[in-house]
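Each chain, letter by letter, is given below.
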Amino acid sequence: MPKKDATEKVSLWERLDRAPAPRTSLTPQRIAAVAVELADGEGFAAVTMRRIAAELGVAPMAAYRHVDGKDELWALMVDQVSAELEPPEPTEGWRATLRAYALRTRETMLRHPWLAQLPAPLFALTPNRMAGAERQLASLDGLGLDVDTMMAAFRTVGAYVHGATQSEVSLAQYMREQGWETGDDTRRGLAPQMVYLMETGRYPAYRRYVRGAARKDDAAWQFETGLDCVLDGVAGLVERAGA
């Protein structure tokens, strides 16, 4: 049997599963809770181990004994808020399940906008994120899709949800930075560029949208309509697999 590389790390989650009951109130979960609170209230830049230690009333090295650097801290934060993804009501069928998780993911990202700033939140492997992924994949299992297509469908829905919500979060942040409170404020602020571009005559379809759209500021409607477009595509895959 090959010797285990001395530099190979034991997974954070394995360490937590094997760890004995803590002798103090300082735990990785408590560190994560403080980190999430700081990020929610002051932004992601406020989250440092020194600041977390100060909030907990301990020395920074005490916190480092539980969390080995920023990657583990991010993973703990993601896992903590991922517990909020579980839909409040039971769902039946793949479409209702994927839709419920999509809506909950948007709600969670809007509550915790720092999620959109993490380097790679889509790839954070945590117990709560895996539990949500398992439930969604299980809803697609047994429908005739091969496992690669099943995963591609699941990831496509997730990519839409994260991309659309990240754009929503970024727009809200930009509006705050500009001092704009409403959609009308934003349109007035961007009017010089938009008016010039529309008057060039190069963008007739977009001009029609600008003049005729009734839901420019209805972010929830825009999100759910786009989500249904994606789910309709998955429905086509399921239908062809069962044909």
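Structure report, in brief. (Residues numbered from 1 in each chain as written. Predicted model: local features only at pLDDT ≥ 70, side-chain atom pairs only at ≥ 80, totals over all residues. Heavy atoms only, no water.)

Examining the overall build of the protein
For the protein, the count of helices and strands is eleven helices and zero strands. Across the protein, helices and strands are ordered from the amino to the carboxyl terminus as α-α-α-α-α-α-α-α-α-α-α. Radius of gyration (C-alpha) of the protein: 22 Å, far over the 18 Å computed for a compact globule of 243 residues. The dimensions of the protein, computed from C-alpha atoms along their principal axes, are 65 × 55 × 40 Å. Taken across its 243 residues, the protein has 33% of its residues classed as buried. The long-range fraction of contacts in the protein, counting pairs at least 24 apart against all pairs at least 6 apart in sequence, stands at 68%. When the accessible surface of the protein is split by element, carbon and sulfur atoms take 55% of a total near 15,300 Å². Between the averaged position of the 29 positive side-chain charges in the protein and that of its 33 negative side-chain charges there is a distance of 4 Å. (Helix = DSSP H or I, 4+ residues; strand = E, 2+ residues; numbered from the N terminus. Rg over C-alpha atoms; globule rule 2.2 N^0.38 Å. Buried < 20%, exposed > 50% of the residue type's maximum accessible area, 1.4 Å probe, protein only. Contact = heavy atoms within 4.5 Å. Areas by Shrake-Rupley, 256 points an atom, 1.4 Å probe, with all protein chains shown as cover. Lys, Arg positive; Asp, Glu negative; His and termini not counted. Charge placed at Lys NZ, Arg CZ, Asp CG, Glu CD.)

Focus on helix α11 (residues 219-242)
Since the α-helix turns once every 3.6 residues, residues separated by three or four places project in the same direction. Between its first and last C-alpha, α11 extends 35 Å over 24 residues, near the 34 Å set by a 1.5 Å rise per residue. Of the residues making up α11, those classed as buried are F223, G226, L227, V230, L231, V234, G236 and V238. (Expected span 1.5 Å × (residues − 1).)

Structural notes on the side chain of R106
The topology assignment puts R106 in helix α6 (residues 94-111). Among all residues touching R106, those that are not within four sequence positions of it are V161, T165, E168, A219, A220 and F223.

Regarding the environment of T186
Looking at the element boundaries, T186 is found in helix α9 (residues 183-199). Since its relative accessible area comes to 10%, T186 is described here as buried. Considered as a pair, T186 and Y206 are 20 residues apart in the sequence and their alpha carbons are 17 Å apart.

Some thoughts on the packing of aromatic side chains
Taken as a whole, this structure holds four aromatic pairs when the rule is applied. Residues F44 and W74 carry aromatic rings whose centres are separated by 5.9 Å and whose planes lie at 40 degrees to one another, so their mutual orientation is tilted. Here F44 is found in the loop between α2 (28-42) and α3 (49-56), whereas its partner W74 is found in helix α5 (residues 70-82), with 30 residues between them in sequence. F44 gets classed as buried once you look at its relative accessible area, which sits at 16%. (Phe/Tyr/Trp six-rings, centres within 6.5 Å; stacked < 30°, edge-to-face > 60°.)

Description of the pattern of salt bridges
Evaluated as defined, the whole model comprises 16 salt bridges. As a salt-bridge pair, R95 and D228 come within 3.8 Å of each other at their nearest N and O atoms. On the criterion of sequence distance, the pair formed by R95 in helix α6 and D228 in helix α11 is long-range, its members being 133 residues apart. Among the residues examined, D228 registers a relative accessible area of 25% and is labelled partly exposed. A residue is classified by how much of its surface remains accessible, and R95, at 28% relative accessible area, is partly exposed. Salt bridges sharing partners connect three or more residues here, namely R95, R99, E224, D228 and D232. (Salt bridge = Lys/Arg side-chain N within 4 Å of Asp/Glu carboxyl O.)

Considering the side chain of T108
Inspection of the secondary structure assignment puts T108 in helix α6. Discounting residues that sit within four places of it in the chain, T108 has contacts with V81, E84, L85 and L115.

Looking at the packing of helix α7 (residues 127-140) against helix α8 (residues 147-178)
Here α7 crosses α8 at 125 degrees, and the two axes come no closer than 10 Å. Of the possible angle classes, the one that applies to α7 and α8 is oblique. The hand of the α7/α8 crossing is right-handed. Here R129, A133, Q136, L137 and L140 of α7 lie close against α8, whose contacting residues are M150, M151, A153, F154 and H162. The class makeup of the residues in the contact of α7 with α8 is seven nonpolar, two polar and one charged. (Axes fitted to C-alpha atoms, helices over the stretch in contact; angles between N-to-C directions. Parallel < 35°, antiparallel > 145°, perpendicular 65-115°, else oblique. Left-handed = near helix turned anticlockwise from the far one by under 90°. Nonpolar A, V, L, I, M, F, W, Y, C, P; charged D, E, K, R; others polar.)

Examining the nonpolar core
One finds I31, V47, I52, L73, M77, W114 and L115 to be the most contacted residues of the largest nonpolar core, which totals 31 residues. For this core, the secondary structure elements donating two or more residues are α1 (12-18), α2, α3, α4 (60-64) and α5. Sort the elements by how many residues they give to this core and α2 lands first, with seven residues. Setting aside its immediate chain neighbours within four residues, V47 contacts A35, L38, A39, I52, L73 and M77. Grouped together as the second largest cluster of nonpolar side chains are 18 residues, L140, F154, V157 and V238 included. (Core = buried A, V, L, I, M, F, W, Y, C linked by side-chain atoms within 4.5 Å.)

Concerning the environment of Q29
Here Q29 is to be found in helix α2. Here the alpha-carbon distance between Q29 and E72, two residues 43 residues apart in the chain, equals 11 Å. Residues contacting Q29, with those up to four places away along its chain left out, are L16 and Q80.

Re α2
Across its 15 residues, α2 extends 21 Å between first and last C-alpha, which sits within 8% of the 21 Å expected from 1.5 Å per residue. The set of residues buried in α2 consists of P28, I31, A32, V34, A35, V36, L38 and A39. Residue G43 follows α2 closely and has a positive phi angle near 95 degrees.

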